[in-house]
Amino acid sequence: DFEEMALFSRARLVAQQGLVAARIAQVQSRSMGPFTALAHVRFNSDTTTTPPALATTTEATPQQLAEGIAEASFAETAVAASDIATTAVQSSPIAPYVGELATYELGGMSFTGVIQSGIELLASQPGMTYATGILASMVVMRTFMFPLMVGSQRNSAMLNNLKPEIELYTARIKSCTDMGDQVGAQEATEKVKQLFQDNKVHPLKALLPIVVQMPVFIGFFFALRGMANAEVASMTTGGAMWFTDLTIPDPTHAMPIITAATMLLSFEASTRLSQATPNPTVSNVFRFLAIFTTAVTWNFPAALHLYWTGSNIFTLGQAIIINTPAVRDLFGIPKMIRHQVDPAAKKIGFLDSFKSSWETAKRQAEEESGHRNVKKFKGPPSSK
């Protein structure tokens, strides 16, 4: 009848308004971001502009539409349709594209700028988001550093296997120094150098991966923090699971705990898998740092936690792979020898070692000062 036809026409117009609102919002959100675009798409009872009709409408029957708006006014129904469109726009991710960071004055040829541009390039690929782009850039960077880790593992294994000889020469150097035997100490030092040279190892080589990775980690930190502070539009919807917005801290604060847990897990697993004798002091310090990291990073943007957690998991997987016997044989990493520790041997702590070194240096300075005074004193003047 006539009344049912009027209800159907009104419902059809409301549906058209909602579809128009959603399409306009999707177009505008690509350049203005989702929250700016929403201000331009809400239709309410004060709206005077009639949106253009669309070729397609909903598939609902006239009876279903009539029942849906039977108890609501036209204005209320239009507002409800606009709210549905708003929700759809907010939930749809904004696709990243190459050149987006330039609009925020990010990127460029600086160290952090190159990292930002690399992340943007990976995130802009089909099917990628900023979450996957951050993880992919981390994997690429850590893969390039893999040869350094292999060399460090080989160096550490060789030093561990040479530990008894190194400790023997080190004890001789200390003994000769304490007795003032500079010649004996020098000979023992030369033998240690020759031992390192013959086996192509050196204690400082163990620090090489840290020296290289630290600037990269700091670069990623400032790069991602800069992008989060700028609130890059595609990063606000480029997350995953419960952390959809990468520019703000995790609302549940689960990510700082996950970051610290994976950090501690990767350290413990690496220590156990390497079969090296763990240093209790180093282990305790690292455990404290993991707890301390949770407090420090509590309000970090989700993008930083995503990178850090991914890097920890990569370290864990790398430790498992590189400690596989077949992989160690492939890269020429010798098997670690577990040396027996003498229970009767006195353990020298850090403070005791520092005090001993200080006393030795002080005694050497006094002896050198005494030698200089003897040389200056040439005896009483001869009588002419």
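Above this note sits the structure.
Worth saying up front: this structure is predicted, and the values here are computed from it rather than measured.

Parameters at a glance
Residues numbered from 1 in each chain as written. Predicted model: local features only at pLDDT ≥ 70, side-chain atom pairs only at ≥ 80, totals over all residues. Heavy atoms only, no water. Helix = DSSP H or I, 4+ residues; strand = E, 2+ residues; numbered from the N terminus. Buried < 20%, exposed > 50% of the residue type's maximum accessible area, 1.4 Å probe, protein only. Contact = heavy atoms within 4.5 Å. Areas by Shrake-Rupley, 256 points an atom, 1.4 Å probe, with all protein chains shown as cover. Polar contact = N/O pair within 3.5 Å; in protein donor to acceptor, adjacent residues only side chain to side chain. Patch = residues over 30% accessible without salt bridge, like charges linked within 9 Å, V, L, I, M, F, W, Y side chains within 5 Å. Salt bridge = Lys/Arg side-chain N within 4 Å of Asp/Glu carboxyl O. Core = buried A, V, L, I, M, F, W, Y, C linked by side-chain atoms within 4.5 Å. Phe/Tyr/Trp six-rings, centres within 6.5 Å; stacked < 30°, edge-to-face > 60°. Expected span 1.5 Å × (residues − 1). Arc of directions from axis to C-beta. Axes fitted to C-alpha atoms, helices over the stretch in contact; angles between N-to-C directions. Parallel < 35°, antiparallel > 145°, perpendicular 65-115°, else oblique. Left-handed = near helix turned anticlockwise from the far one by under 90°. Nonpolar A, V, L, I, M, F, W, Y, C, P; charged D, E, K, R; others polar.

**As for the overall build of the protein**
Okay, so step 1: From N to C terminus, the protein includes 16 helices and zero strands.
Okay, so step 2: Counting every position in the protein, which comprises 384 residues, the buried fraction comes to 33%.
Okay, so step 3: If you take every contact in the protein between residues at least 6 apart in sequence, the share linking residues at least 24 apart comes to 74%.
Okay, so step 4: Of the roughly 23900 Å² that the protein leaves accessible, carbon and sulfur atoms contribute 64%.

**Topic: the side chain of Thr-297**
Okay, so step 1: Within the fold, Thr-297 resides in the loop between helix H13 (280-296) and helix H14 (302-322).
Okay, so step 2: Setting aside chain neighbours within four positions, we find Thr-297 in contact with Pro-256, His-305 and Trp-308.

**Here's the deal with the side chain of Thr-293**
Okay, so step 1: For Thr-293, the location among the structural elements is in helix H13.
Okay, so step 2: A polar contact of 2.6 Å, which involves the side chain of Thr-293, links it to the backbone oxygen of Leu-289.

**Some thoughts on a nonpolar patch on the surface**
Okay, so step 1: A grouping of Leu-204, Leu-207, Ile-210, Val-211, Met-214, Ile-218 and Phe-222 is seen on the molecular surface, where their side chains present a nonpolar patch of about 670 Å² in accessible area.
Okay, so step 2: One can find Leu-204 in the loop between helix H9 (182-199) and helix H10 (208-229).
Okay, so step 3: Using a relative accessible area of 57% as the deciding quantity, one classes Leu-204 as exposed.

**Digging into the environment of Thr-237**
Okay, so step 1: For Thr-237, the location among the structural elements is in the loop between helix H11 (233-236) and helix H12 (254-273).
Okay, so step 2: A relative accessible area of 18% places Thr-237 in the buried class.

**Remarks on the pattern of salt bridges**
One side chain can pair with another of opposite charge once the charged atoms of both are near each other.
Okay, so step 1: As enumerated under the stated definition, the model contains two salt bridges in all.
Okay, so step 2: Across the pair Asp-178 and Lys-174 runs a salt bridge, and its minimum N-O distance is 3.1 Å. Taken together, the residues span about one helical turn, with Asp-178 and Lys-174 both in helix H8 (residues 163-178) at a distance of four residues.
Okay, so step 3: The exposure class of Lys-174 is partly exposed, given its relative accessible area of 41%.
Okay, so step 4: Notably, a salt bridge pairs Arg-287 with Glu-268, separated by 2.8 Å at the nearest N-O pair. Residue Arg-287 is found in helix H13, and its partner Glu-268 is found in helix H12; the two are separated by 19 residues along the sequence.

**A closer look at the nonpolar core**
Okay, so step 1: Ile-119, Tyr-130, Ile-134, Met-227 and Leu-246 are the most contacted members of the largest nonpolar core, which has 25 residues in total.
Okay, so step 2: Those elements giving two or more residues to this core turn out to be helix H5 (111-123), helix H6 (130-144), H10 and H14.
Okay, so step 3: When near neighbours in sequence (up to four residues on either side) are disregarded, Ile-119 contacts Tyr-130, Gly-133, Ile-134, Ser-137, Phe-220, Leu-224 and Met-227.
Okay, so step 4: Leu-162, Val-192, Phe-196 and Val-201 belong to the second-largest nonpolar core, a separate cluster that totals seven residues.

**Considerations on the packing of aromatic side chains**
Okay, so step 1: Under the defined criterion, the tally for this structure stands at nine aromatic pairs.
Okay, so step 2: Ring centres 5.2 Å apart and planes at 70° place the aromatic pair Phe-217 and Trp-308 in the edge-to-face group. Of the two residues, Phe-217 is situated in helix H10 and Trp-308 in helix H14; the sequence distance between them amounts to 91 residues.
Okay, so step 3: For Trp-308, a relative accessible area of 18% corresponds to the buried category.
Okay, so step 4: Aromatic side chains Phe-267 and Phe-286 sit 4.2 Å apart centroid to centroid with 15° between the ring planes, which places their arrangement in the stacked category. Pair noted here: Phe-267 is in helix H12 and Phe-286 is in helix H13, with a separation of 19 residues, a long-range link.

**Brief notes about H13**
Okay, so step 1: For H13, spanning 17 residues, the distance from its first C-alpha to its last is 24 Å, which sits close to the expected 24 Å at 1.5 Å a residue.
Okay, so step 2: Considered for burial, the residues of H13 that qualify are Ser-283, Ala-290, Thr-293 and Thr-294. The buried side chains of H13 occupy one side of the element, clustering within an arc of 100° when seen end-on. Turned more than 90 degrees away from the buried face of H13, the exposed residues are Thr-281, Phe-288 and Ala-295.

**Looking at the packing of H12 against H13**
Okay, so step 1: At their nearest, the axes of H12 and H13 sit 8 Å apart, and the two run at 165° to each other. One way to sum up the angle between H12 and H13 is to call them roughly antiparallel. Of the two elements, H12 crosses H13, and the hand of that crossing is right-handed. Mapping the contact onto sequence places Pro-256, Ile-257, Ala-260, Met-263, Leu-264, Phe-267 and Glu-268 in H12 and Val-282, Ser-283, Phe-286, Arg-287, Leu-289, Ala-290, Thr-293 and Thr-294 in H13.

**Section: the packing of helix H7 (residues 146-161) against H8**
Okay, so step 1: Contact geometry for H7 and H8: axes closest at 5 Å, N-to-C directions at 60°. The residues of H8 that touch H7, namely those facing Leu-159, Asn-160 and Asn-161, are Lys-163, Pro-164 and Ile-166.
Okay, so step 2: Looking at the contact of H7 with H8 residue by residue, the classes come out as three nonpolar, two polar and one charged.

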